[in-house]
Amino acid sequence: MGIYFTVLSSGSTGNATVIQHGGTSLMIDAGLSAKRLEALFLEREISGTELDGILVTHEHSDHIKGLGAMSRKYNLPIYANTNTWAALEKSVGAIPEENRRVFETGEKHDFGSLRVESFGISHDAAEPVGYTFDDGSEKLSVATDLGYMSDKVRDAISDSDVLVLEANHDVELLRMGRYPWNTKRRILSDIGHLSNEAAGAALSELMNGRIKRTYLAHLSRDHNMMDLAKMSVRDAMESRGCFYRDHEFKLCDTYYDRPTPWDRVGEP
Ligand SMILES: Nc1ccn([C@@H]2O[C@H](COP(=O)(O)O)[C@@H](O)[C@H]2O)c(=O)n1
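Numbering of residues starts from 1 in each chain and follows the order in which that chain's sequence is written. Reporting of local features is limited, given that this is a predicted model, to residues whose pLDDT is at least 70; pairs of side-chain atoms are given and counted only at 80 or more, and all residues count toward the totals for whole chains, interfaces and linings. Hydrogens and water molecules were not included; the side-chain quantities draw on all heavy atoms of the structure.

It is worth spelling out the pairing of strand β3 (residues 24–28) at this point. A simple rule labels every residue: compare its accessible area, found with a 1.4 Å probe on the protein chains alone, to the largest value its type can have, and call it buried under 20%, exposed over 50%, or partly exposed in between. Labels follow the DSSP assignment, with helices taken as runs of H or I lasting at least four residues and strands as runs of E lasting at least two, numbered in each case from the N terminus. In terms of burial, β3 is largely enclosed, as 5 of its 5 residues are buried. In β3, alternate side chains face the same way, and those of Thr24, Leu26 and Ile28 on one face and Ser25 and Met27 on the other are all buried. When strand β2 (residues 16–21) meets β3, the two strands line up antiparallel, connected through 5 bridges. Paired with Val18 across the strands is Met27, a residue of β3. At least two DSSP bridges between two strands are required for those strands to pair. Once β2 ends, the chain turns through 2 residues before running back antiparallel as β3, passing Gly22 with a positive phi of about 55°. Where β3 meets strand β4 (residues 53–55), 3 bridges bridge the pair, whose relative direction is parallel. Residue pairing in the sheet places Leu26 in a bridge with Gly53 of β4. Seen with its strands pointing away from the viewer, a crossover is right-handed if its path from the first strand over the helix to the second goes clockwise. Between the parallel elements β3 and β4, the chain passes through helix α1 (residues 34–43) in a crossover that is right-handed.

What follows is the structure, encoded as C-alpha cells:
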C-alpha cells in the first residue's frame with residue numbers, strides 16, 4: 001500500500017503536510033489560509049473532501065492559521081492534545097463537538113492500517129508534539145519546532161525510513177541578523193528552533209542504516225538557505241564520524257512557497 005506524503009509548505013509563514021496511506025488521508029497542521037492551502041492542494045491533486053482529519057502539532061499561528069476554516073469547509077475532525085486544544089480554542093472559531101478529537105500525547109491511533117503516534121517536543125507552546133506514521137513496514141516521522149533533540153524524540157523517530165526534520169537557522173547568521181535580541185534568545189533556546197548544526201548532530205546519532213531520506217524543514221528565510229543547511233548538516237554529521245554515500249542517504253528540500261513532490265516512504 002505504502003505511505004505517501006507531500007510537505008505542502010514549511011517555515012514560519014505556514015506549515016502543512018499531507019500523508020496518504022490506502023484510503024486514509026491526513027493533514028498535519030493547517031498553518032496557511034484556507035485559500036492558500038487549497039491552491040497547494042491543487043498543485044498536488046489533493047481534494048479537501050478526501051481528507052480524514054487534521055493533526056495539530058501546536059497552536060502557533062504558522063501551524064493553525066487555516067485550521068478552523070478548513071475543518072468547517074470540509075467537515076474535518078481536528079486532532080490535538082488537551083493543552084493544545086485549550087490554547088488554540090480562541091483562534092479557531094466554532095468547531096462542532098464531533099470534530100473535536102482530543103488525545104493524550106503518546107497515545108496510538110490507528111487509521112486503517114496506518115498507526116499514528118504523537119511524541120512531545122520542546123518548544124514554547126502549550127503541549128507541542130511531533131508525529132510518526134507507521135504501517136508496519138514503512139515509517140515516516142515529522143519533527144519540527146523543537147528547541148533540542150531530546151532522548152524521547154530520538155527514541156520515537158529513530159526507526160524511521162524518512163524524516164521531516166527542522167533545520168531552522170545557521171547560528172552565526174541568526175546572531176548577526178536583524179531580529180531583536182529576545183527573539184534570537186528564544187530561537188536559540190531549548191524551547192526554540194533546531195539549528196542546522198543541531199539537526200546534523202541529531203542525525204549523526206540517529207543514523208542506523210534505516211533512515212534513507214531527511215527533508216530539512218522550517219528553514220528561516222532570514223537566517224538560512226537550503227544549500228547552506230544541507231552543507232552544514234552534512235558537515236555536522238561528518239565531524240561526528242557519520243559519513244554517508246549519496247545513494248544511501250539524501251537530504252531533501254522543503255519550501256515555504258511550493259509543495260515537495262509526492263514521495264513514497266518505502267522507496268529506496
Ligand atoms: N520578527 C520575528 C521573526 C520571527 N519570529 C519567530 O522566530 C522563529 C524563527 O523564525 P524564522 O522566520 O526566522 O524561521 C519563529 O518561531 C518565528 O515565529 C519572531 O518571533 N519575530
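This next bit is on the site of the ligand. Inspection of the region around the ligand gives Ser12, Asn168, Tyr179, Thr183, Arg186, Ile187, His193 and Ser220 as its neighbouring residues. A distance of 2.9 Å separates an oxygen atom of the ligand from a polar atom in the side chain of Arg186. Any pair of N or O atoms that falls within 3.5 Å is considered a polar contact. Within protein, one atom must be able to donate a hydrogen and the other to accept it, and sequence-neighbouring residues count only if both atoms are side-chain atoms. One of the side-chain nitrogen or oxygen atoms of His193 is found 2.8 Å away from an oxygen atom of the ligand. In this description, accessible areas are obtained by the Shrake-Rupley approach with a 1.4 Å probe, and a residue is regarded as covered only by the protein chains that are shown. Protein burial of the ligand: of its 450 Å² of free accessible surface, 69% is covered by the chains. When residues are sorted by character, Ala, Val, Leu, Ile, Met, Phe, Trp, Tyr, Cys and Pro go into the nonpolar class, Asp, Glu, Lys and Arg into the charged class, and all the rest, Gly among them, into the polar class. Considered class by class, the residues forming the shell around the ligand number 2 nonpolar, 5 polar and 1 charged. Residue proximity to a molecule or strand is established when one non-hydrogen atom of the residue lies within 4 Å of it.

Think of a nonpolar core as a cluster: buried Ala, Val, Leu, Ile, Met, Phe, Trp, Tyr and Cys residues, connected wherever their side-chain atoms sit within 4.5 Å. In terms of nonpolar packing, the biggest core is built from 27 residues, with Met149, Ile157, Leu203 and Leu216 touching the most fellow members. Those elements that provide at least two residues to this core are α5 (151–157), β11 (162–166), α8 (196–206) and α9 (226–238). Here, two residues are considered to be in contact whenever any of their heavy atoms come within 4.5 Å of each other. The residues touching Leu216, leaving out its near neighbours within four places in the chain, are Leu165, Ala167, Met226, Ala229, Lys230, Val233, Leu251, Cys252, Asp253 and Thr254. Membership of the second largest hydrophobic core comes to 24 residues, among which are Met27, Leu67, Ile78 and Ala80.

Within the secondary structure, Ser71 is located in helix α3 (residues 67–74). Assessed through its relative accessible area of 1%, Ser71 is described here as buried. Beyond its immediate chain neighbours, meaning those up to four positions away, Ser71 contacts Ile54, Leu76, Ile78, Ile95 and Asn99.

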